[in-house]
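Commentary on secondary and tertiary structure
Below are the chains, spelled out letter by letter.
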Amino acid sequence: MSPAAADAYAAEIHAVTDRLLLEHGEFDPFEFLLRRGWLDYADFSAWQRGAPVSLQAVLQTPVDTAIAALERAQRYARAQGLQLERRPAGGGEIGRDPHFALLCSSLLKRPGDRPQGDLFQDSAALFTLDALRAALARHDHAAIAALLSRLQREAPREVPGYAALHAAIDGDPAQTAAQRRLQIEQQLAPAAQRLLGPAARGYLAPLWIALAQRLTRESPDADDLQLHPSHAWMAAGHWRDAAASITASSRDWTRAPALITRLALIQARQHRLAESRRLRMRLCWQFPDAASAMFDRLGADDPDSALLRRWPEFQRAEPALPVSRFPAWLLLADPRQRDWLPPDQPPVTLASDDDQACYRALHRLLGAPDDLDARRALKAAQPELLQAFLGLRARGAV
């Protein structure tokens, strides 16, 4: 990994860690793996319920990669004064790698952390709140009702917020799907993050899953992307289901730039970077305006970190090149492009004849730098890229 790539990777790990500390006040390895897209929440929730599979077995990245990232994140959190605590036992087997199991069994918390709320000094109320948060995450109606009754005696001013979360679990039968989405997104999610902390994901995920299933039945081809089932599946952290809701729909997603953009993001979140890159290059060739807007919106947490660096460089290139030439330009800027998108595979075959000729000639040159026919073809298609290639060739960079 180059120094620049290493710095970008470290910044990405730190950004995810900062977000977890901001939202939850602690560093939870499971939340880190989920946020990185290395765990699908469907697999994680099954593991929590004791499914006969280890957490390591369902990782969507090599265990060594996960270990290195967890080590870096934990060093960063400890440098901020957080202290190590052992996680209470629960769930199935973490994995055969003892170091991975040890890292996942550790929580990092600030010294003297107490549940939020300045009115609680009574330890009984603290225990009740902890149990109530866990029950809300399980959607255990009987336990929630009993704990709310106890909380009414111990700390009555805190009851309304938790009671509102309880009442919203099953939803209002009169609500439309659009109204339910807004309720979850604008009311329940902020309240759950505030009141439940790390347990918020457990509370919210089943609500999103139920909405996704409802949207699949009622409006799978909605023009409003927030009412497409993939939106709810993504919010639940069910990345495979989110992808399937796009590709299995009766709607032709290949003609909808917004769905291509979303599917590319889903693939990236699963760290299927080759598949994600191919979809994003497809946008460049078929829907360049949509591609430009997508690249402008890329966030620092996007797993395809090369695009975060290369897109601004491409925009500053002189002379300016059209967006449809960005895939060819990337052949010079990012070596992975050469392996991830060979010139004889879709979506290259969906590009215009000129864009295909440019991409193929440059790809061929990178494999055979002295191929005169390829040089002539690239000069005819995009002489600026030939000059860029020759410059890199002279410096021994290709």
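These lines cover the structure that appears in this document, whether it is placed above or below. Remember, predicted model here, so these are calculated numbers, not experimental data. Residue numbering note: each chain is counted from 1, following its sequence as written. Per-residue local features of the predicted model are confined to residues with pLDDT of at least 70, and side-chain atom pairs are confined, for both listing and counting, to 80 or more; whole-chain, interface and lining totals are unaffected and use all residues. Only hydrogens and water are set aside; all other atoms, that is, all heavy atoms of the structure, feed into the side-chain values.

In terms of helices and strands, the protein carries 21 helices and three strands. The dimensions of the protein, computed from C-alpha atoms along their principal axes, are 85 × 50 × 40 Å. Residue burial is assigned from relative accessible area. The probe radius is 1.4 Å, only protein chains are included, and a residue is buried under 20% of its type maximum, exposed over 50%, and partly exposed in between. When each of the 398 residues of the protein is scored for burial, the buried share is 50%. For the protein, the proportion of contacts with a sequence separation of at least 24, taken over those separated by at least 6, is 57%. Here the accessible surface of atoms and residues is derived via Shrake-Rupley with a 1.4 Å probe, and residues count as covered only by protein chains that are part of the display. Carbon and sulfur atoms provide 52% of the accessible area of the protein, an area that totals close to 18,700 Å². Counted as positive: Lys and Arg. Counted as negative: Asp and Glu, with His and the chain ends omitted from the count. Where a charge lies is defined by one atom per residue type, namely NZ (Lys), CZ (Arg), CG (Asp) and CD (Glu). Separation between the mean location of the 48 positive side-chain charges and that of the 48 negative ones in the protein comes to 2 Å. Think of it this way: any DSSP run of H or I at least four residues long counts as a helix, any run of E at least two long counts as a strand, and we number them from the N terminus. Two residues form a contact once any of their heavy atoms are found within 4.5 Å.

Attention shifts here to the packing of aromatic side chains. Planes of paired rings set the category: under 30 degrees apart is stacked, over 60 is edge-to-face and the rest tilted, where pairs are Phe, Tyr or Trp rings (Trp by its six-membered ring) whose centres lie within 6.5 Å. Overall, the coordinates contain 14 aromatic pairs when judged by the stated rule. Measuring from centroid to centroid gives 5.5 Å for W285 and Y359, while their planes differ by 85°, and the two rings are edge-to-face. Taken together, the residues W285 in helix α14 (residues 273–286) and Y359 in helix α19 (residues 353–367) connect sequence positions 74 residues apart. Of the two residues examined, W285 and Y359, each falls in the buried class. Seen in terms of ring centroids, F314 and W329 are 5.5 Å apart; in terms of plane orientation they differ by 70°. Their pairing is edge-to-face. Placement of F314 in helix α16 (residues 305–316) and of W329 in helix α17 (residues 326–333) is noted, with a sequence separation of 15 residues between them. Taken as a pair, F314 and W329 share a single burial class, namely buried. Cluster of aromatic residues (ring-pair linked, three or more members): F295, W311, F314, F326 and W329. The positively charged end of R87 is found above the aromatic ring belonging to F30, 3.9 Å away from the centroid. Only Lys NZ and Arg CZ are tested; either one counts as a charge over a ring when it is within 6 Å of the ring centre and within 35 degrees of the ring normal.

Relative to the assigned elements, T261 resides in helix α13 (residues 257–269). T261 gets classed as buried once you look at its relative accessible area, which sits at 15%. T261 has contacts with L283, M294 and R297, leaving out every residue within four places of it along the chain.

We now examine the state of the cysteines. For this text, the term disulfide refers to a pair of cysteine sulfurs within 2.5 Å. Inspection of the entire model under this criterion finds zero disulfides. The thiol sulfur of C284 is not disulfide-bonded, and the nearest other cysteine sulfur, from C358, lies at 13 Å.

With that settled, the discussion passes to the sheet that holds strand β2 (residues 83–86). One open sheet accounts for three strands, arranged β1-β3-β2; its pairing is antiparallel. Edge strands, defined here as strands with exactly one partner in the open sheet, are β1 (26–27) and β2. Here β1 runs beside strand β3 (residues 106–109); their pairing, made up of two bridges, is antiparallel. Among the inter-strand pairings, E26 is bridged to a residue of β3, identified as K109. Pairing between strands is defined by DSSP: at least two bridges between them are needed.

Looking now at helix α2 (residues 29–36). The element α2 is largely enclosed, with a buried count of seven among its eight residues. Among the residues of α2, P29, F30, E31, F32, L33, L34 and R36 are the ones counted as buried. The opening residue of α2 is D28, an N-cap whose side-chain oxygen sits 2.9 Å from the backbone nitrogen of F30. Following α2 by one or two positions, G37 adopts a phi angle in the positive range, close to 85°. Counted as a polar contact is a pair of N or O atoms within 3.5 Å, where, for protein atoms, one must be capable of donating a hydrogen and the other of accepting one, and residues adjacent in sequence contribute only when both atoms are in side chains.

Here the focus is the pairing of β3. As judged from the four bridges shared by β2 and β3, these two strands associate in the antiparallel manner. Across the sheet, the residue bridging to R86 is S106, located in β3.

As a further point, take the packing of helix α12 (residues 239–247) against α13. Viewed as axis vectors pointing N to C, α12 and α13 meet at an angle of 155°, and their least axial separation amounts to 10 Å. Classified by the angle between their axes, α12 and α13 sit roughly antiparallel to one another. Helix-helix and strand crossings are classified by hand; for α12 and α13 the assignment is left-handed. Contacts between α12 and α13 involve W239, A242, A243, I246 and T247 from the first element and L259, R262, L263, I266 and R269 from the second. Under the scheme applied here, ten amino acids are nonpolar (Ala, Val, Leu, Ile, Met, Phe, Trp, Tyr, Cys and Pro), four are charged (Asp, Glu, Lys and Arg), and all others, including Gly, are polar. Partitioned by chemical class, the residues of the contact of α12 with α13 number seven nonpolar, one polar and two charged. Helix axes use the C-alpha atoms of the stretch in contact, all axes being lines fitted to C-alpha atoms, and the angles between their N-to-C directions lie in the range 0 to 180 degrees. To sort the angles, those under 35 degrees are grouped as roughly parallel, those over 145 as roughly antiparallel, those from 65 to 115 as roughly perpendicular, and the leftovers as oblique. Helix crossings fall into two classes, left-handed where the near helix is turned counterclockwise from the far one by less than a right angle and right-handed where it is turned clockwise.

L196, Y203, F295 and F326 are the most contacted members of the largest nonpolar core, which has 85 residues in total. If sequence neighbours within four positions are ignored, F326 has contacts with M281, C284, F295, L307, R310, W311 and F314. Listed in part, the 33 residues of the second largest apolar core include F27, F32, I94 and C104. By convention a nonpolar core is built from buried Ala, Val, Leu, Ile, Met, Phe, Trp, Tyr and Cys residues, the set being connected through side-chain atoms within 4.5 Å.

Looking at the secondary structure, you find Q175 in the loop between α8 (159–167) and α9 (177–196). Owing to a relative accessible area of 14%, Q175 belongs among the buried residues under this scheme.

With that settled, the discussion passes to the pattern of salt bridges. Salt bridges, as used here, are contacts in which a Lys or Arg side-chain nitrogen is within 4 Å of a carboxyl oxygen on Asp or Glu. Under the criterion given, the structure shown has 24 salt bridges. Ionic pairing is found between D140 and R138, a salt bridge with its closest N-O pair at 3.4 Å. Given the relative accessible area of 52%, R138 is considered exposed. Among the salt bridges present, the one from D304 reaches R277, with a minimum N-O distance of 2.8 Å. Remark: R277 occurs in helix α14 and D304 occurs in the loop between α15 (288–296) and α16; sequence separation between them is 27 residues. Residues D304 and R277 agree in their burial class; the two are buried. A single salt-bridge network, built from bridges that share partners, covers R277, D304, D334 and R336.

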